[in-house]
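# Coordinate analysis (summary)
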Amino acid sequence: MSRITVHRARRVHTLDPNRPEATCVAVRDGRVLAVGTLDDVSGWGPHDLDERHADRVLLPGLVEGHSHLMAGTMWQHAYCGWYDVPDPDGRIAGGARSLDAVVGTLRAHAQRLSDPAASVTGWGLDPIHFGTRGVTRADLDAVSDSRPVGVLHGSGHILYASSLALQQAGLLHTGIDHPGIPLGADGLPSGELRGPDAMMPLLPAFGIDRAFLGGNERGIRAFGRLAARAGVTTATDLGATLADDELALVQRLTGEDDYPVRLVSVLRTLGLRPADAIDKAVALRAHSTERLRLGAIKIVSDGSIQGFSARLRWPGYYNGAPNGLWYVAPETVTALFRGGLQRGVQVHVHTNGDEAVEMVMQCLHDALLACPAPDHRFTLQHCQLADAAQFRRMRALGLCVNLFVNHLYYWGEAHRSRTVGPDRAERMNACRTALDCGVPFSIHSDAPITPMRPLFTAWCAVNRLTAAGRVLGAHQRIGVADALHAVTLGAARTLKLDHEIGSIECGKRADFCVLDDDPFLVAPERLKDVPVWGTVLGGRSFQALPAA
Ligand SMILES: [Zn+2]
């Protein structure tokens, strides 16, 4: 029989209400053997006492229920966002607070590229922070005369392209009639490409192709460091293509003993026929390992609210922008739901606007009538604008929800003044309503859209402060215990892993988040500032290294 290791800490918050606090956790074979005092856990026999965390506080390993491996890979391109954010190694990347600053960032990045014809790629740009002005190809033409320039919008749902990029893609001509390609006064594309249909043909020219998104070894390793730094032991790649070569790479990397995070990789259905998507998910399920979980699928139904491409119900966008884009037909959603219900394939659905939520719930209602199935746990992702009646229907349909509360901080002011207005902004990411209605819920970062830091995400749910310091939606605030539940057991439940992770109790994986302070004792306004030492994954410690 293998050895028992007892981890002793200042305090262990188990999130198991039967034994909420302890000082010792005994671990055998990577799993929790016992929780309690040293005396309690010693009854299992001889053990090694590990006291390296004796002054620290243990939580269950945090679970990021909606992120992307891109959070590791995108750092190979130029960060053009408004906010200062940490990179995977903890260095702070400064925000660009004007369009001129964005151009400067891209120029500096171009100068570091050795190939004189290489394209210049940026990410994270959101003109909503610059006032009313959008970004045009003329703006990006200022970066380089000789290189095509492309910049992903902060939502990931829009690409801004320079004139040369459009020309090389055969798009710089008049007569284009496409809902995702707005035209300028000259009848030529303005440079904004909205939605997957418009932007995807150009992405490979900017190095954002399948191999980059799903199979970039350097990026997948960076993602692991990022997770450990945030106290995360299970993270998602919510929307992967998982071709054979990509699968082989994530299998190899997550199979290494020192890869620091358990990865839930969810198959993207875009471009697949529903029956093929379900078949592929079932086939992938057979390849699941302890560190790599496969077999669920993801549908994207609309765009983003801050990019004005999400589908909103009446009365639509506060600033009068036209309604957003549908990414998928209801018939396709219903077919995927029916296939998923019949064959036990869990479905995650990106729904940003409340009209998208409405459409998807109708499809699930229809599919459930044809194929009733217990405990399907289909999960609405983002679901930022749903109202109380919609939450009551989610409960009736057996849906879970994963709310994008980081938006309250990063885009709260813009939602109030531009996208949905002061009243609807207060009900955004309605954690309190989810709790009151009994809808199982989690909260997330959608990294790289916002930084992966679940303690910050929990802070957003507790305080609901915008970047300007305004409380947005006081009624929807939740307590620290509920917020920490959402980033552990709540997220585990939306991933159908709550029997295995999310709390520290006998039989579960020995996954811990190791903190230098106690999140239950600090002031709720300071929850985001609790220092993360690192993690323990399956009994093995991973220290977040200081910034280089
Ligand atoms: Zn996402």
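Presented here is a report on the structure given in the accompanying data block. (Residues numbered from 1 in each chain as written. Predicted model: local features only at pLDDT ≥ 70, side-chain atom pairs only at ≥ 80, totals over all residues. Heavy atoms only, no water.)

A separate point is the packing of helix α10 (residues 274-285) against helix α11 (residues 330-343). Close contact between α10 and α11 brings their axes to 9 Å; oriented N to C, the two are set at 35 degrees. For the element pair α10 and α11, the recorded crossing hand is right-handed. In contact with P274, A277, I278, D279, V282 and R285 of α10, α11 contributes T332, A335, L336, G339, G340 and R343. Classifying every residue of the contact of α10 with α11 gives 6 nonpolar, 3 polar and 3 charged. (Axes fitted to C-alpha atoms, helices over the stretch in contact; angles between N-to-C directions. Helix = DSSP H or I, 4+ residues; strand = E, 2+ residues; numbered from the N terminus. Left-handed = near helix turned anticlockwise from the far one by under 90°. Contact = heavy atoms within 4.5 Å. Nonpolar A, V, L, I, M, F, W, Y, C, P; charged D, E, K, R; others polar.)

With that settled, the discussion passes to the coordination of the zinc ion. Around the zinc ion, the protein contributes the donor atoms H66 (NE2), H68 (NE2) and D446 (OD), at 2.1 to 2.2 Å from the metal centre. Going along the chain, you hit the donors of the zinc ion in the pattern H-x1-H-x377-D. Side by side, H66 and H68 carry an identical accessibility label, which is buried. (Donors = N, O, S within 2.8 Å, 3.2 Å for Na, K, Ca; no water. Buried < 20%, exposed > 50% of the residue type's maximum accessible area, 1.4 Å probe, protein only.)

Now for the packing of helix α18 (residues 454-463) against helix α19 (residues 480-494). To characterise two packed helices, one gives the angle between the axes of the helices and the distance between these axes. Where α18 contacts α19, the two axes come as close as 9 Å, and the packing angle between them is 140 degrees. Here α18 is positioned oblique relative to α19, judged by the angle of their axes. The hand of the α18/α19 crossing is right-handed. Residues P454, L455, A458, A461 and V462 of α18 form the contact with α19, whose participating residues are V480, A483, L484 and V487. Classifying every residue of the contact of α18 with α19 by side-chain character gives 9 nonpolar, no polar and no charged. (Parallel < 35°, antiparallel > 145°, perpendicular 65-115°, else oblique.)

Quick look at the packing of aromatic side chains now. In this structure the tally under the stated criterion is 14 aromatic pairs. Ring geometry for Y83 versus Y409: centroids 5.9 Å apart, planes at 40 degrees, classification tilted. Within this pair, whereas Y83 is found in the loop between β7 (78-79) and β8 (85-86), its partner Y409 is found in helix α14 (residues 406-410), the two being separated by 326 residues in sequence. Look at Y83 and you get buried, because its relative accessible area is 16%. Assessed through its relative accessible area of 22%, Y409 is described here as partly exposed. An aromatic cluster is present here, built from Y83, Y409, Y410, W411, F456 and W459 joined pairwise through their rings. The cationic tip of R97 hangs over the ring face of W82; the distance from NZ or CZ to the ring centre is 5.5 Å. (Phe/Tyr/Trp six-rings, centres within 6.5 Å; stacked < 30°, edge-to-face > 60°. Lys NZ or Arg CZ within 6 Å of the ring centre and 35° of its normal.)

This next bit is on the pattern of salt bridges. Tallied over the full model, the rule gives 34 salt bridges. Across the pair R137 and D186 runs a salt bridge, and its minimum N-O distance is 2.9 Å. Here R137 is found in helix α4 (residues 137-141), whereas its partner D186 is found in the loop between α5 (163-168) and β13 (192-194), with 49 residues between them in sequence. Taking the relative accessible area as the measure of exposure, R137 reaches 15% and is therefore buried. Salt bridges sharing common partners tie together R313, D354, E358, D387, R393 and R427. (Salt bridge = Lys/Arg side-chain N within 4 Å of Asp/Glu carboxyl O.)

Shape descriptors only; they carry no functional weight alone.
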